[in-house]
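Coordinate inspection notes
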Amino acid sequence: MKIVRLIIGVLVTMTVLTIVVESLEFLIVKVVSGKSMTHFSDHQSEYFMIRNQTWILVLKAVYTFLAAYLAAYLGIKITKYLRQSFFIIIVVLQATVFIYAMLFSAFKDTLPTYYWLLLLVLVLSGISIGHYQIKQNSEIY
């Protein structure tokens, strides 16, 4: 059962992190532009031009960190017993995903490399803080 909980915890963490970050980004761009997401599917450069405004990127940094914290917190709660294994798996997965996105994906040029690195640091920090806060709280009780 511990392995099943570990797998579910990893899946929930990755899903929550992706859905929260991407949904917030889409929502912000849609609200700012007043255009639909179907419009942006045909005009991706316009989407990224709006998304790359300084204030939106600052906001993206904040909600990315918070989403990583929330996702790790939920994943650790679900995993329950194999917390260190969960932490290692999530860190490796997120680092791999970011390195791929930054170097090889079709969207690699939509952000400067330093911003990809900043997001990676924020995600790993959020995951780490969520992990260690749960660990610390469970040692108290």
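All values reported here derive from a predicted model rather than from experimental measurement.

Per the stated rule, a full pass over the model turns up 3 salt bridges. With a closest N to O distance of 2.6 Å, Glu 25 and Lys 60 form a salt bridge. Taken together, the residues Glu 25 in helix α1 (residues 2-33) and Lys 60 in helix α4 (residues 54-79) connect sequence positions 35 residues apart. Here Glu 25 matches Lys 60 in class, with each residue buried.

Looking at where Thr 13 falls in the secondary structure, it is placed in helix α1. Ignoring any residue separated from it by four or fewer positions in sequence, one finds Thr 13 in contact with Ala 71, Ala 72, Gly 75, Phe 86 and Ile 90.

Within helix α3 (residues 44-51) the residues assigned to the buried category are Glu 46, Tyr 47, Phe 48, Ile 50 and Arg 51. Check the buried side of α3 and you find it contacts α1, α2 (37-42) and α4.

Attention shifts here to the layout of surface pockets. To find the voids left in a structure, one rolls a probe of water-molecule size over its atoms. Estimated volume of the largest pocket: approximately 620 Å³. Forming the walls of the largest pocket are 26 residues, and the residues nearest its centre are Val 21, Glu 22, Glu 25, Lys 60 and Trp 116. Those elements that place two or more of their residues in the lining of the largest pocket are α1, α2, α3, α4, α5 (83-103) and α6 (113-140). Looking at the lining of the largest pocket, the element that brings in the most residues is α1, giving 7 residues. Looking at the lining of the largest pocket residue by residue, the classes come out as 16 nonpolar, 6 polar and 4 charged.

Before going further, it helps to examine the packing of aromatic side chains. Two numbers describe a pair of aromatic rings. These are the distance of the centres and the angle of the planes. As enumerated under the stated definition, the model contains 8 aromatic pairs in all. An angle of 35 degrees between the planes, with centres 6.2 Å apart, marks the rings of Tyr 100 and Phe 104 as tilted. For Tyr 100, a relative accessible area of 49% puts it in the partly exposed group. Classification of Phe 104 by relative accessible area gives exposed; the value is 58%. Among the aromatic residues, ring-to-ring pairing joins Phe 26, Phe 40, Tyr 47, Phe 48 and Phe 107 into one connected group. We note Lys 2 situated over the ring of Tyr 81; from NZ or CZ to the ring centre the distance is 5.5 Å.

Moving on to the packing of α1 against α4. A pair of packed helices is captured by two measures, namely the crossing angle of their axes and the spacing between those axes. For the pair α1 and α4, the least separation of the axes is 8 Å and the interaxial angle reads 160 degrees. As far as their axial angle goes, α4 and α1 are roughly antiparallel. Our pair here, α1 against α4, has a crossing hand that is right-handed. Across the contact of α1 with α4, the residue classes tally to 21 nonpolar, 5 polar and 4 charged.

Another aspect to go through is a nonpolar patch on the surface. Taken together, the side chains of Ile 99, Tyr 100, Leu 103 and Phe 104 make up a nonpolar region of the molecular surface, amounting to roughly 430 Å² of accessible area. Looking at the element boundaries, Leu 103 is found in helix α5. By relative accessible area, which is 45% here, Leu 103 ends up partly exposed.

Quick look at unusual backbone geometry now. The residue Lys 80 is not glycine, and still its phi comes out positive at about 65 degrees. Residue classification places Lys 80 among the partly exposed positions, given a relative accessible area of 41%.

This part takes up the nonpolar core. Formed by 37 residues in total, the largest nonpolar core has its most connected members in Leu 17 and Ile 127. Those elements that provide at least two residues to this core are α1, α3, α4, α5 and α6. The leading source of residues in this core is α4, at 9 residues. Those residues in contact with Ile 127, other than ones at most four positions away along the chain, are Ala 68, Tyr 69, Ala 72, Phe 87, Ile 90, Val 91 and Gln 94.

Rules of the game
- Residues numbered from 1 in each chain as written.
- Predicted model: local features only at pLDDT ≥ 70, side-chain atom pairs only at ≥ 80, totals over all residues.
- Heavy atoms only, no water.
- Salt bridge = Lys/Arg side-chain N within 4 Å of Asp/Glu carboxyl O.
- Helix = DSSP H or I, 4+ residues; strand = E, 2+ residues; numbered from the N terminus.
- Buried < 20%, exposed > 50% of the residue type's maximum accessible area, 1.4 Å probe, protein only.
- Contact = heavy atoms within 4.5 Å.
- 1 Å grid on protein atoms, 1.4 Å probe; cavity = no way out; pocket = protein on both sides within 12 Å on 5 of 7 lines; lining within 4 Å.
- Points joined across faces, edges and corners; volume = space filled by probe spheres on them.
- Nonpolar A, V, L, I, M, F, W, Y, C, P; charged D, E, K, R; others polar.
- Phe/Tyr/Trp six-rings, centres within 6.5 Å; stacked < 30°, edge-to-face > 60°.
- Lys NZ or Arg CZ within 6 Å of the ring centre and 35° of its normal.
- Axes fitted to C-alpha atoms, helices over the stretch in contact; angles between N-to-C directions.
- Parallel < 35°, antiparallel > 145°, perpendicular 65-115°, else oblique.
- Left-handed = near helix turned anticlockwise from the far one by under 90°.
- Patch = residues over 30% accessible without salt bridge, like charges linked within 9 Å, V, L, I, M, F, W, Y side chains within 5 Å.
- Areas by Shrake-Rupley, 256 points an atom, 1.4 Å probe, with all protein chains shown as cover.
- Core = buried A, V, L, I, M, F, W, Y, C linked by side-chain atoms within 4.5 Å.

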